[in-house]
Amino acid sequence: MSRLKNFSIITFILFLVGFIIQLGNESKLKELTQLNYTNDKNRFLNTNSKFSQVRVRDFMFYQCGDVKRIGGKKDFIANAPDELFRIDGAWYICLDSRAKPEKSKCNVLSLGVNHDMSFDEEMHSSFECRVFSFDPYVEDKKFKDLRDSDPSLNDSSILKVDDRWIFYRVGIIGQTNNTKDLSNLKIKDLISFDEILDLTKLRDKVIDVLKMDIEGPEKDVIKNLDMNYACKYIKAFVFETHVRSKFVDLVKLEKCFRLFWRHTRFREGNSRGPTGHLAGFQNSEDWALKMKNFHNELNLAEFMFTNGELYFVNINFI
């Protein structure tokens, strides 16, 4: 409960700061959010503003009544003060109504695993979901041990953990003009989201959780995401963003998705603690954004809203 309270306070503070401007016209959203207000980084908007009216807004929000943290390494879990405290490797899902993954009938698409497959493993074990894990460059020890157990798997881009869990040593790319032969993929190949749907046989099937942690290309993946398809088949979309991602790149998700949880970075660098890398509000001594990197208050606030882990739920499944 304390974490929910803290989250609400943080969201309220962010709303007061604001990060996007409009002139009462949604059609000007893209134009205004991409506008470079001044070349002078020291000049902020509280001087001679060219706008007669400024209105701020966050992503549209859904108040999930049952948020659950999934994953995280055992030592991080042991050091967390409560069940919703942010820890490395963990992600959050909404268990409200039809948004909750149906046990043994759910599908999870996990793009970007790195050395921590704890989220994938818990969705596999606790919800008995079919899990499709992807990472082109890194193998968690579980997958590496599986590869090492059979010499015939040395160069295989696909590792079958069991009947309900497959790891693909393949990554995602926003858009490609080079169609891959999905029956002959090589390690480190990059394929589109559409090709991933065909590879996993998830096309036209509900994906209960689409998790994406791909260290940068998420902007291009979202740009090329077919929202009509996503609104029909993706229950929850949770992902990490980086500096390249802007509000204008993400606002298309509001066609059917609502933000229900967020962990924003209020810091630079890689502070660590007993629960892994710390979110800024978890380390009061590391509130260290460099103001010179931001043109004005809007750029700063946009960063605070959009840079970090964002959790969206599809209102068509609520």
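Relevant structure appears above.
Residues numbered from 1 in each chain as written. Predicted model: local features only at pLDDT ≥ 70, side-chain atom pairs only at ≥ 80, totals over all residues. Heavy atoms only, no water.

### Brief notes about the overall build of the protein
As a reminder of what qualifies: Helix numbering and strand numbering both begin at the N terminus, where a helix is a DSSP run of H or I of at least 4 residues and a strand a DSSP run of E of at least 2. Three exposure classes are used, based on accessible area relative to the maximum for each residue type with a 1.4 Å probe and protein chains only: buried under 20%, partly exposed in between, and exposed over 50%. Here, two residues are considered to be in contact whenever any of their heavy atoms come within 4.5 Å of each other. Method for areas: the Shrake-Rupley scheme with a 1.4 Å probe, in which residue coverage is limited to the protein chains shown.
Assigned secondary structure in the protein consists of ten helices and 14 strands. A buried classification covers 53% of the 318 residues belonging to the protein. Residue pairs at least 24 apart in sequence account for 70% of intrachain contacts in the protein once pairs closer than 6 positions are excluded. With an accessible surface of roughly 15700 Å², the protein has 49% of that area assigned to carbon and sulfur atoms.

### Describing the sheet that holds strand 3 (residues 107-111)
Test applied: Pairing between two strands is assigned when DSSP locates at least 2 bridges connecting them. Angles here are taken between N-to-C directions and fall from 0 to 180 degrees, while the axes themselves are lines fitted to C-alpha atoms, restricted in helices to the stretch in contact.
Here we have eight strands laid out as an open sheet, ordered 5-6-4-3-9-10-14-11, and mixed in their pairing. Each edge of the open sheet carries a strand with a single partner, namely strand 5 (158-162) and strand 11 (257-264). On average, each strand axis in the sheet is tilted by 15° relative to the strand beside it, whichever way the strands run. Across the sheet, helix 5 (residues 141-148) is in contact with strand 4 (130-134), strand 5 and strand 6 (165-168); its angle to strand 5 comes to roughly 105°.

### Focus on the side chain of Ser118
Here Ser118 is to be found in helix 4 (residues 118-126). On the basis of relative accessibility, which here comes to 12%, the residue Ser118 falls in the buried class. In this structure Ser118 touches Gly71, Gly72, Lys73 and Gly89, once residues within four positions along its chain are discounted.

### Notes on the state of the cysteines
Test applied: Note that a disulfide, as used here, is simply two cysteine sulfur atoms within 2.5 Å.
For the structure on display, the rule yields three disulfides. Across the disulfide, Cys64 is cross-linked to Cys94 (sulfur-sulfur distance 2.2 Å). Because the torsion about its S-S bond is 100°, the bridge between Cys64 and Cys94 counts as right-handed. One end of the pair, Cys64, is in the loop between helix 2 (29-33) and strand 1 (67-71); the other, Cys94, is in strand 2 (residues 90-94), with 30 residues separating them in the sequence. The same class applies to Cys64 and to Cys94, which are both buried. The disulfide that involves Cys231 links it to Cys256, with 2.1 Å between the sulfurs. Measuring the twist about the S-S bond at about -95°, one finds the Cys231-Cys256 disulfide to be left-handed. Note that Cys231 is positioned in helix 8 (residues 227-233) and Cys256 in the loop between helix 9 (247-250) and strand 11, a separation of 25 residues in sequence.

### Points about helix 6 (residues 193-200)
The buried fraction of helix 6 is high, at six of eight residues. Restricting attention to buried positions, one finds in helix 6 the residues Phe193, Glu195, Ile196, Leu197, Leu199 and Thr200. One or two positions beyond helix 6, positive phi appears at Lys201, with a value near 60°.

### Topic: the environment of Ser104
Among the structural elements, Ser104 can be located in the loop between strand 2 and strand 3. Among the residues examined, Ser104 registers a relative accessible area of 36% and is labelled partly exposed. Here the alpha-carbon distance between Ser104 and Arg130, two residues 26 residues apart in the chain, equals 7.7 Å. Not counting the four nearest positions on each side in its chain, Ser104 is found in contact with Phe127, Glu128 and Arg164.

### Some thoughts on the packing of aromatic side chains
The line we're drawing: Any two of the Phe, Tyr and Trp rings considered here, Trp counted by its six-membered ring, make a pair once their centres fall within 6.5 Å; the pair's planes then place it as stacked at under 30 degrees, edge-to-face at over 60, or tilted in between.
Using the criterion set out here, one finds 13 aromatic pairs in the structure. Consider the rings of Phe237 and Phe239, whose centres lie 4.6 Å apart with planes at 40°: the pair is tilted. We classify Phe239 as buried; its relative accessible area is 0%. Ring geometry for Phe239 against Phe312: centres 5.8 Å apart, planes inclined by 5°, an arrangement best described as stacked. With Phe239 in strand 10 (residues 234-240) and Phe312 in strand 14 (residues 308-314), this residue pair connects regions lying 73 residues apart in the sequence.

### Let's talk about the nonpolar core
Nonpolar side chains tend toward joint burial in soluble globular proteins. To be explicit about the condition: Here, the term nonpolar core denotes a set of buried Ala, Val, Leu, Ile, Met, Phe, Trp, Tyr and Cys residues that are joined through side-chain atoms within 4.5 Å.
Membership of the largest hydrophobic core comes to 40 residues, with the highest contact counts inside it found for Leu109, Leu111, Phe134, Phe237, Phe239, Leu253 and Phe257. Ranked by residue count, the leading element in this core is helix 8, at five residues. Among residues more than four places away in sequence, those in contact with Leu109 are Phe132, Phe134, Phe193, Ile196, Ile207, Val209, Leu210 and Lys211. Counting 31 residues, the second-largest nonpolar core is a separate cluster that includes Val108, Phe119, Phe127 and Val209.

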